[in-house]
Amino acid sequence: MLLNRPLAVIRPCRQRGGSLIEALAVLAILIILAAMGAPSMASFTASRNVESVARQLADDMALARQEAVKRNTRVLVCPGASGSACTAPQAATDWTKGWRVCQDAGADGECDPATATDPNPIRVRGALDAAVSVTGPLSEVRFNPDGTTTSGSYSDYTVDSTRSAVASWRVRFAASGAVSLRRPGS
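A.B. asks: What exactly am I supposed to notice about the packing of aromatic side chains here?
C.D. replies: Aromatic rings in a pair are described by how distant their centres are and how their planes are angled relative to each other. Per the counting criterion, the structure on display carries four aromatic pairs. A centroid spacing of 6.1 Å and a plane angle of 45° characterise the contact between F143 and F173, whose relative ring orientation is tilted. Within this pair, whereas F143 is found in strand β5 (residues 141-143), its partner F173 is found in strand β7 (residues 169-173), the two being separated by 30 residues in sequence. Under the relative-accessibility criterion, F173 is labelled buried at 0%. Within the aromatic cluster, the residues linked to one another by ring pairs are W95, W99, F143, Y157 and F173.

A.B. asks: Which parts of the structure should I look at to understand the state of the cysteines?
C.D. replies: One way to say it: the disulfide is the covalent bond shared by the sulfur atoms of two cysteines. Under the definition given, this model contains one disulfide. Two residues, C102 and C111, share a disulfide whose sulfurs are 2.0 Å apart. Its torsion about the S-S bond being -65°, the disulfide of C102 and C111 is classed as left-handed. A residue is classified by how much of its surface remains accessible, and C111, at 11% relative accessible area, is buried.

The rules we used
- Residues numbered from 1 in each chain as written.
- Predicted model: local features only at pLDDT ≥ 70, side-chain atom pairs only at ≥ 80, totals over all residues.
- Heavy atoms only, no water.
- Phe/Tyr/Trp six-rings, centres within 6.5 Å; stacked < 30°, edge-to-face > 60°.
- Helix = DSSP H or I, 4+ residues; strand = E, 2+ residues; numbered from the N terminus.
- Buried < 20%, exposed > 50% of the residue type's maximum accessible area, 1.4 Å probe, protein only.
- Disulfide = S-S within 2.5 Å.

As structure tokens, this is what we get:
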């Protein structure tokens, strides 16, 4: 019976995968696509950074207004992430070193000392990325206990990118204390 069985057919092994030349061609295509997308990615990243800083500034202005009303005292938003005085020797409109939100119950333009039950400053933002700039008309923003500001009209702060041409954002607050954030083109 064993003799009547057909012999097994030997089939050649099929190779799987690709050659080195095919891998190099795919790699070259990927490098070309990445090079085409890199400028777009840099612009996208820069615009997201500008938007993020603008939103943080608007949020902190709104927080300062809320805290002024809640605490029934004056609250300041000052450029610079350290110190107690808002009138620092830096340029009056330089917000690139960050900012702080602090209580000013003495109405002397300085952050009050912290206590065990009342931390001060309320919030601190560190220095900004070198690619983002914030400019505004005031060296500090003062929110009164009723939520209004000491400025007589609208004040605009512009958040821009210093490295690429991306649209700037505008943080605006009115004498009433209302804070708004304007996107590019709006």
